[in-house]
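Structural features, examined
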Amino acid sequence: MSLKFHWFLPTNGGDGRHVVGGGHGVSAGGSGRPADVAYLTQVARAAEDNGFEAALTPTGAWCEDAWLSTAMLSQTTDRLKFLVAFRPGVISPFLAAQMAGTFQNMSGGRLLLNVVTGGESHEQRMYGDFLDKDARYRRCDEFLEIVRRLWAGETVDFRGEHLSVEAATLSQIPDPIPEVYFGGSSPAAGIVAAKHADVYLTWGEPPEAVAAKIAWIRELAAVQGRTIRFGIRMHTITRDTAEEAWAEAGRLLAGISPETIAKVQAGLRLSESEGQRRMLNLHGGKTSDLEIYPNVWAGVGLVRGGAGTALVGSHEQVADRIAEYAALGIEEFVLSAYPHLEGAYWFGEGVLPILAERGLWKDERPRRRSSPTVPFAAVGRAVR
């Protein structure tokens, strides 16, 4: 089995040498690096050059639009796929199916889809969506049924609780059909994931909690007669030595004031997301005991909504933790760092070769020409 590794595109301008907060109803802090095409191209090409398969792009009022951003970046990169996050409540199923077909066909099959149902009602209302959380999941179920039937080439007549289409026929059938990634920790989320997801994504928690979540989704999927792959979303702080990595974690933590932590935690506690509640419980808003499992650090979640844990340690130690999660059934890793550009190289040059040696990852990059040897020290040549 070859694990898959994906990187992250900070389209909220969320990049720099410190943890950038934001998400789940909390305003993002300053970052220092712009979310423009030039910089995001650097991040995307770094991911591409270091062996990552795809890059996740977030969605929400706090970041640039994921569809438009990745469409632009597909023209400045060569092979990298884009894991486009989108919310089914703000776009019609037919238009989403059509957009996916256009993207897939014009990019050469480089689209993956991360369906985000929407955990914060106040943000959903900014988009004109006034359903409550459970109703959003029921609508998402209808949405994905319609989209998948359209991708299958059917003429779709559908009348549901929230969505309806009549004689819907899609001309832009995507080739290949983009895989659907889906996350969520509530009972309603599990039902939708079991019916529609190709890959179920979880935020990083200790292995015991991740194993329980995998078992939960597998059981629900079995009822539907389906099997699902599993992925995990985490940050990384990987260095040549463990001391260097933990020193970097300490530097990031030192850059966060107690006032900022208190303010962000108060905002995140208002979140409707079950996954966010689980992230908050890992650290309780305290800066002590942030290593919640060997090489798993919860410090990012002090000021960032959503994924709040990082793999921290030497390249060997990070590879060990990845192997441990893989043994539970995790096949895909969606990763990031601060800054994202440099972090792609730390992980790509430090951890991936170790995983390749262990047979856990296969390098699918085209073979490069080797650099010529330096000619300065030719044997027997006099120096003048």
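For the structure, check the block above.
Residues numbered from 1 in each chain as written. Predicted model: local features only at pLDDT ≥ 70, side-chain atom pairs only at ≥ 80, totals over all residues. Heavy atoms only, no water.

**Points about the environment of I217**
Definition in use: Secondary structure counts use DSSP, requiring at least four H or I residues in a row for a helix and at least two E residues in a row for a strand, with both numbered from the N terminus. A contact between two residues is defined here by any heavy atoms of the two lying within 4.5 Å.
One can find I217 in helix α7 (residues 207–223). Excluding residues that lie within four positions of it along the chain, I217 makes contacts with G190, A193, Y200, I228 and F230.

**As for helix α1 (residues 37–49)**
What counts here: Each residue after the first adds 1.5 Å to the expected span of a helix. Summary of the burial criterion: residues with accessible area below 20% of their type's maximum are buried, those above 50% are exposed, and those between are partly exposed, where the area comes from a 1.4 Å probe applied to protein chains only.
Relative to the 18 Å expected for 13 residues at 1.5 Å per residue, α1 spans 18 Å between its end C-alpha atoms, a close match to the ideal helical length. Every buried residue belonging to α1 is among Y39, L40, T41, V43, A44, A46, A47 and E48, and all of these are buried. Here the buried face of α1 lies against β1 (4–8), α2 (66–73) and α12 (340–350). Positive backbone phi, approximately 95 degrees, marks G51, located one or two places after α1.

**Here we look at the packing of α2 against helix α3 (residues 93–107)**
Counted only if it meets this: For helices, the axis comes from a line fit to the C-alpha atoms of the stretch in contact; other axes are also lines fit to C-alpha atoms, and the angle between any two N-to-C directions lies between 0 and 180 degrees. When describing relative orientation, an angle under 35 degrees is termed roughly parallel and one over 145 degrees roughly antiparallel, while 65 to 115 degrees is termed roughly perpendicular and anything else oblique. The residue classification treats Ala, Val, Leu, Ile, Met, Phe, Trp, Tyr, Cys and Pro as nonpolar and Asp, Glu, Lys and Arg as charged. All others, Gly included, are polar.
Between α2 and α3, the least distance of the axes is 12 Å, while the angle of their chain directions is 10 degrees. In terms of orientation, α2 and α3 fall into the roughly parallel class. In this structure, α2 uses W67, T70 and A71 to contact α3, whose residues at the interface are A96, M99, A100 and F103. Of the residues assigned to the contact of α2 with α3, the class counts are six nonpolar, one polar and no charged.

**Structural notes on the packing of aromatic side chains**
Each aromatic ring pair is specified by the distance between its two centres and by the angle formed by the two planes. Defined as follows: Pairing of aromatic rings covers Phe, Tyr and Trp, the last counted by its six-membered ring, and requires centre-to-centre distances within 6.5 Å; plane angles under 30 degrees mean stacked, over 60 mean edge-to-face, and any other angle means tilted. By the criterion adopted, a ring carries a charge over it if an Arg CZ or a Lys NZ lies within 6 Å of its centre and within 35 degrees of its normal.
Per the counting criterion, the structure on display carries nine aromatic pairs. For the pair F5 and F333, a centre-to-centre distance of 5.3 Å together with 20 degrees between the ring planes defines the contact as stacked. Taken as a pair, F5 in strand β1 and F333 in strand β13 (residues 330–336) lie far apart in primary sequence, 328 residues in all. Neither F5 nor F333 differs from the other in exposure class; each is buried. Members of the aromatic cluster, each reached through a chain of ring pairs, are F5, W7, F52, F333 and F347. One Lys or Arg, R239, reaches over the ring of W346 and ends 4.4 Å from the middle of that ring. The positively charged end of R304 is found above the aromatic ring belonging to F8, 5.8 Å away from the centroid.

**Brief notes about the packing of α1 against α12**
The N-to-C vectors of α1 and α12 enclose an angle of 5 degrees; their axes lie 9 Å apart at closest approach. On the basis of their axis angle, the class for α1 and α12 is roughly parallel. Touching Y39, Q42, V43, A46 and A47 of α1 are H340, L341, A344 and Y345, all from α12. Here the residues of the contact of α1 with α12 sort into seven nonpolar, two polar and no charged.

**What to know about the environment of E219**
Summarising the element assignment, E219 is placed in helix α7. The spatial distance from the C-alpha of E219 to the C-alpha of R367 is 41 Å, given a sequence separation of 148 residues.

**A look at the nonpolar core**
The nonpolar side chains of a soluble globular protein tend to be buried with one another. Stated formally: We call a set of buried Ala, Val, Leu, Ile, Met, Phe, Trp, Tyr and Cys residues a nonpolar core when their side-chain atoms join them within 4.5 Å.
Counting residues in hydrophobic clusters, the biggest one holds 77 residues, and the most contacted among them are F5, F182, I322, Y325, F333, F347 and L355. Looking at this core element by element, the count peaks at eight residues for helix α5 (residues 133–151). Discounting chain neighbours no more than four positions away, the residues touching F333 are L3, K4, F5, H6, I232, I322, Y325 and A326.

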